[in-house]
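# Per-entry structural report
Chain by chain, the residues run as shown.
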Amino acid sequence: MSESLANDATPATPVVSGLRWYVVHAYSGMEKAVERNLRERIDRSGMQTKFGRILVPTEEVVELKNGKRSVTERRFFPGYVLVEMLMDDESWHLVKHTSKVTGFVGGARNRPAPISEAEVMKIVTQMQEGVEKPRPKVEWVVGELVRVKEGPFTDFNGAIEDVNYEKSKVKVSVTIFGRATGVELDFSQVEKV
């Protein structure tokens, strides 16, 4: 235990004060690798006290594949990683020179601006909601034009009348022999026009 921790009279206070959230820009699709690389570099350099949490903002999405529902993870801020850290020259260099990191977002070139705790909580809340109730991979909107890509109405175009995310079905109004007819189809049977 370091001396600064031993002299801390109130154990309930955080180990390091002054930790703020910063947005780090990473190569798209490499956010998890950046998180892993950052953690390894922090451990190797012994800078654990200068860093807090590292978040890759993701949400769970539901999609239909071959008639089966599958839940996958989708990044809702692709190319960005949130890092809670004490900003100084040493910690700035550690993050900036981590593999697959292109830099910080916001602020001056060598002195990035932190984001507010409220903004971080909004992102964390969105991540929680995604775990509790996964969103569909494709969002369907009533009135949107779609094309039927399989089934008896293949190549018909129509407008969405109703969306049922629980059953992964849409009701589409297609014109058959000059009359608008509502047809219930699986999400996988239609595509956006």
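The structure under discussion appears in the preceding block.
How each quantity is defined
Position labels on residues start from 1 in each chain and follow its written sequence. Only residues with pLDDT of at least 70 get local features here, since the model is predicted, and only at 80 or more are side-chain atom pairs given and counted; chain-wide, interface and lining totals rely on the full set of residues. Each side-chain value is worked out from all heavy atoms of the structure, with water and hydrogens disregarded. Here a helix means four or more residues in a row that DSSP labels H or I, a strand means two or more in a row labelled E, and each is numbered from the N terminus. Residue burial is assigned from relative accessible area. The probe radius is 1.4 Å, only protein chains are included, and a residue is buried under 20% of its type maximum, exposed over 50%, and partly exposed in between. Here the rule is simple: two strands pair whenever DSSP picks up at least two bridges between them. To get an axis, fit a line to the C-alpha atoms, keeping to the stretch in contact for a helix; angles then go from 0 to 180 degrees between the N-to-C directions. Contact between two residues is taken to exist if any of their heavy atoms lie within 4.5 Å; hydrogens are not considered. Take the buried Ala, Val, Leu, Ile, Met, Phe, Trp, Tyr and Cys residues and link them wherever side-chain atoms come within 4.5 Å; each set so joined is a nonpolar core. Polar contact is defined as a pair of N or O atoms within 3.5 Å, subject to the rule that within protein one atom must be able to donate a hydrogen and the other to accept it, and that residues adjacent in sequence are counted only when both atoms are side-chain atoms. Stacked, tilted and edge-to-face are the three classes assigned to paired rings of Phe, Tyr and Trp, where Trp is represented by its six-membered ring and a pair needs centres within 6.5 Å; plane angles under 30 degrees give stacked, over 60 edge-to-face, the rest tilted. Placement of a positive charge over a ring is assigned whenever Lys NZ or Arg CZ falls within 6 Å of the ring centre and within 35 degrees of the normal to the ring plane.

Let's shift gears to the overall build of the protein. When its secondary structure is counted, the protein shows four helices and twelve strands. Counting all 193 residues of the protein, 35% fall into the buried class.

A sheet is described by the order of its strands in space; here four strands give the open sequence S2-S5-S1-S6, paired in antiparallel fashion. This sheet does not close on itself; its edge strands, each paired only once, are strand S2 (51–55) and strand S6 (101–104). Strand-to-strand twist in this sheet, taken as the mean axis angle between neighbours without regard to direction, amounts to 30°. Lying over the sheet, helix H3 (residues 89–96) contacts strand S1 (20–26), S2, strand S5 (80–85) and S6, oriented at roughly 145° with respect to S6.

Residues Phe51, Val83, Met85, Val95 and Phe104 are the most contacted members of the largest nonpolar core, which totals 19 residues. The residues contacting Phe104, other than those within four sequence positions of it, are Tyr22, Val23, Val24, Met85, Met87, Trp92, Val95, Lys96 and Pro112. One finds Trp140, Val148, Ile160 and Val170 within the second-largest nonpolar core, a separate group that totals 13 residues.

Following the sequence through the fold, Arg111 ends up in the loop between S6 and helix H4 (117–132). Taking the C-alpha atoms as reference points, Arg111 and Asp88, 23 residues apart in sequence, are found 8.7 Å from one another. Excluding residues that lie within four positions of it along the chain, Arg111 makes contacts with Met87, Asp88 and Asp89. Engagement of the side chain of Arg111 in a polar contact is seen with the side chain of Asp89, the distance being 2.9 Å.

This paragraph deals with the packing of aromatic side chains. With the rule as written, the count across this model stands at four aromatic pairs. Look at Tyr22 and Phe104: their rings are 6.3 Å apart centre to centre, the planes differ by 80°, and that puts the pair in the edge-to-face class. Separated by 82 residues along the polypeptide, Tyr22 in strand S1 and Phe104 in strand S6 bring together distant segments of the chain. Among the residues examined, Tyr22 registers a relative accessible area of 6% and is labelled buried. Over the ring of Trp140 we find Lys192, and its NZ or CZ is 5.6 Å from the ring centre.

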